[in-house]
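# Remarks on the overall topology
So the chains spell out like this:
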Amino acid sequence: MPYFQIGALLEPGLRNEFTSVYTPMYQGVRAAIGDVIWLDATSDKLQEIFGFMNAPLYMVRWQADSVIPSKAVGSQRFTIINRDFGRRAVLPRNVEDDQTGTAMKVAHELAVTAAILPEQIFYQYITNATDNTLLPLVPTSADGSALYLTTTRYGSSGGNVVGVTSTSTVQGVITDIFSVHRRFIEFQNTESQPFFDPTMTKKMSIFHGSTLSLVMAQAEFQTRVPWEVTSGANGTGQTPTSILREAQFDIRFINSQRITDSVYYCFLRDLPPAKRPIVRMVRKGYTEYPGNFVNSDFSRDTGQQYVQADLREGWGSALAISTIRVS
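Attention here is on the structure that accompanies the text. (Residues numbered from 1 in each chain as written. Predicted model: local features only at pLDDT ≥ 70, side-chain atom pairs only at ≥ 80, totals over all residues. Heavy atoms only, no water.)

### Overview of the overall build of the chain
Note the cut-off: For the purposes of this entry, the term helix denotes a DSSP run of H or I that reaches at least four residues, the term strand denotes a run of E that reaches at least two, and both are numbered from the N terminus. A simple rule labels every residue: compare its accessible area, found with a 1.4 Å probe on the protein chains alone, to the largest value its type can have, and call it buried under 20%, exposed over 50%, or partly exposed in between. We call two residues in contact when some of their heavy atoms are within 4.5 Å. Using a 1.4 Å probe, the Shrake-Rupley method yields the accessible areas, and only the shown protein chains count as cover for residues.
In terms of regular secondary structure, the chain is built from eight helices and 11 strands. Among the 327 residues that make up the chain, the fraction classed as buried is 39%. Intrachain contacts of the chain at a sequence separation of at least 6 include 74% that bridge at least 24 residues. Within the structure as shown, the chain displays about 18400 Å² of accessible surface, and the carbon and sulfur contribution to it stands at 53%.

Printed below as a string of structure tokens:
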């Protein structure tokens, strides 16, 4: 069984000022996704089945001398399966000789790294990545399609994917963000009525990779330049403006190395949980079990202590209508 290699830490008098060099620093990652997905739905069984009705009926004219109009309303359902995640950190028999005293501390940092599991799966989900250490397969939404679809969906022939104009210029990014805004406004429910109120479509989080760091920062922080008088009484000049700011968009740009290409993903923020495109369902929270000479046959047989932890959660999607990919 693989265990911690602490040979570099056994020399007497070894200093420990650098023992936190690899301690994870993930403050804020949950905050980045917590307002665009349903992060903490609960569960009490192996899997949960969810169902919902399609859009309600809208009033239509009732002609004289005719039966009042009626129309069928459909329904949908989807399943979320809870899956186990776990890890064991095995310490060597001579762990007490660790001169820095940090091997056991690092073993207990399973709790820290477990806290970023939702962020890891979130990026696997939106990029549709294959990663057998996380979800064996990225789930489909309730309509049976992947999270992002380029064909007709929600009343749009382009689905919830907007074709990219440019990711090399700030104007290209701004143009595409407005295309995303327009697509959100154009989305329809199952009764071909507007799904979103336009006021709901300007508050977004945009997740992008490090390759777009500069152009996204330019789009985020572009400001008006004062008019420059260059000649004559009236003068000539230019006044670049931050159209995103002045159009009263509320956009958070979130940079992540987990997105490795120039594709970016737009999510409406602070919607009611049921309208968010991804749900994380928690069946069992992080639980840690120490293994030592008192409670573990493995430790008594090998002289090795360990820290073991596990949790159980599931991921799924009802409607993907509040997220759009730009690619």
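From this point, the narrative continues.
### Points about a nonpolar patch on the surface
Put simply, the rule is: Like charges within 9 Å and nonpolar side chains (Val, Leu, Ile, Met, Phe, Trp, Tyr) within 5 Å are joined into patches, using only residues over 30% in relative accessible area that form no salt bridge. Take a side-chain nitrogen of Lys or Arg and a carboxyl oxygen of Asp or Glu: if they are within 4 Å of each other, that pair is a salt bridge.
A contiguous nonpolar patch, built from Met-53, Leu-57 and Val-73 and spanning about 260 Å² of accessible area, is present on the exposed surface. With respect to the secondary-structure elements, Leu-57 resides in the loop between strand S2 (47–53) and strand S3 (75–81).

### Comments concerning the pattern of salt bridges
Enumeration over the complete set of coordinates arrives at 15 salt bridges. Between Asp-35 and Arg-252 there is a salt bridge, with the nearest N and O atoms lying 2.5 Å from each other. Taken as a pair, Asp-35 in the loop between helix H1 (29–34) and strand S1 (38–42) and Arg-252 in strand S7 (residues 250–255) lie far apart in primary sequence, 217 residues in all. Among the salt bridges present, the one from Arg-269 reaches Asp-35, with a minimum N-O distance of 3.8 Å. Of this pair, Arg-269 sits in the loop between strand S8 (264–268) and strand S9 (279–291) while Asp-35 sits in the loop between H1 and S1, placing them 234 residues apart in sequence. Here the salt bridges share partners, and the residues they tie into one network are Asp-35, Asp-250, Arg-252 and Arg-269.

### Quick word on the sheet that holds strand S4 (residues 83–90)
Note the following rule: Two strands qualify as a pair provided DSSP detects at least 2 bridges between them. In this analysis, axes come from line fits to C-alpha atoms, helices being fitted only over the stretch in contact, and the angle between any two N-to-C directions falls in the range 0 to 180 degrees.
Read from one edge to the other, the open sheet built from four strands follows the order S1-S9-S10-S4, with strand pairing classed as mixed. Where the open sheet ends on each side, the last strands, each with one partner, are S1 and S4. For this sheet the average axis-to-axis angle between neighbouring strands, irrespective of direction, equals 35°. Summarising the sheet, S1 and S9 pair through three bridges and their orientation is parallel. From the neighbouring strand, Trp-38 faces S9, where its bridge partner is Val-279. Sheet contacts for helix H4 (residues 117–127): S1, S4, S9 and strand S10 (306–316); angle to S10, the most-contacted strand, approximately 40°.

### Section: the nonpolar core
Test applied: Each nonpolar core is a collection of buried residues, namely Ala, Val, Leu, Ile, Met, Phe, Trp, Tyr and Cys, held together in the definition by side-chain atoms within 4.5 Å.
In terms of nonpolar packing, the biggest core is built from 57 residues, with Phe-122, Ile-126, Met-204, Phe-207, Phe-267 and Ile-278 touching the most fellow members. If sequence neighbours within four positions are ignored, Phe-207 has contacts with Ala-32, Ile-33, Val-36, Phe-122, Tyr-123, Ile-254, Ile-259, Tyr-264, Tyr-265 and Phe-267. Grouped together as the second largest cluster of nonpolar side chains are eight residues, Ala-89, Leu-91, Ala-103 and Ala-107 included.

### Brief notes about H4
The buried count for H4 comes to nine of 11 residues, which makes it a mostly enclosed element. Taken residue by residue, H4 has Leu-117, Pro-118, Glu-119, Ile-121, Phe-122, Tyr-123, Gln-124, Tyr-125 and Ile-126 as its buried positions.

### Quick look at the sheet that holds strand S6 (residues 203–208)
Two orientations exist for strands paired in a sheet by backbone hydrogen bonds: parallel and antiparallel. Overall, mixed pairing links the five strands, which are arranged S5-S11-S8-S6-S7 in an open sheet. This sheet does not close on itself; its edge strands, each paired only once, are strand S5 (161–162) and S7. Examined bridge by bridge, S8 and strand S11 (residues 323–326) share four bridges and lie antiparallel to one another. The residue of S11 that forms the bridge with Tyr-264 is Val-326.

### Concerning the packing of aromatic side chains
The line we're drawing: Each pair of aromatic rings taken from Phe, Tyr and Trp, with Trp reduced to its six-membered ring, is defined by centres within 6.5 Å and is described as stacked if the planes are under 30 degrees apart, edge-to-face if over 60, and tilted in the remaining cases.
Applying the stated criterion across every chain yields a total of 14 aromatic pairs. A ring pair is formed by Phe-207 and Phe-267, whose centres lie 5.6 Å apart and whose planes are at 85°; its orientation type is edge-to-face. Highlighted residues: Phe-207 in strand S6 and Phe-267 in strand S8, separated in sequence by 60 residues. For the pair formed by Phe-207 and Phe-267, the shared burial category is buried.

### Re the environment of Arg-183
Secondary-structure assignment places Arg-183 in helix H5 (residues 170–186). Residues Arg-183 and Asn-160, spaced 23 residues apart in sequence, show a C-alpha to C-alpha distance of 7.7 Å. Residue contacts for Arg-183: discarding those within four places in its chain leaves Ser-156, Gly-158, Gly-159, Val-161, Val-162 and Ile-324.

### Comments concerning helix H6 (residues 213–221)
Where we set the bar: Working definition: the arc comes from the directions between the helix axis and the C-beta atoms, pointing outward to the latter.
Restricting attention to buried positions, one finds in H6 the residues Val-215, Met-216 and Ala-219. Taken end-on, H6 shows its buried residues confined to a sector of 100°, consistent with a single buried face. Packed against the buried residues of H6 are H5, S6, helix H7 (243–246), S7 and S8.

### Overview of unusual backbone geometry
Despite not being glycine, Asp-65 shows a phi value in the positive range, around 60°. Summarising the element assignment, Asp-65 is placed in the loop between S2 and S3. Unlike most non-glycine residues, Asn-128 shows phi in positive territory, near 55°. Position of Asn-128 among the secondary structure elements: in the loop between H4 and S5.

### Focus: the pairing of S9
Summarising the sheet, S9 and S10 pair through 10 bridges and their orientation is antiparallel. Bridging from a neighbouring strand, Pro-290 pairs with Val-307 of S10.

Note that all results are geometric; they support no functional claim without further evidence.
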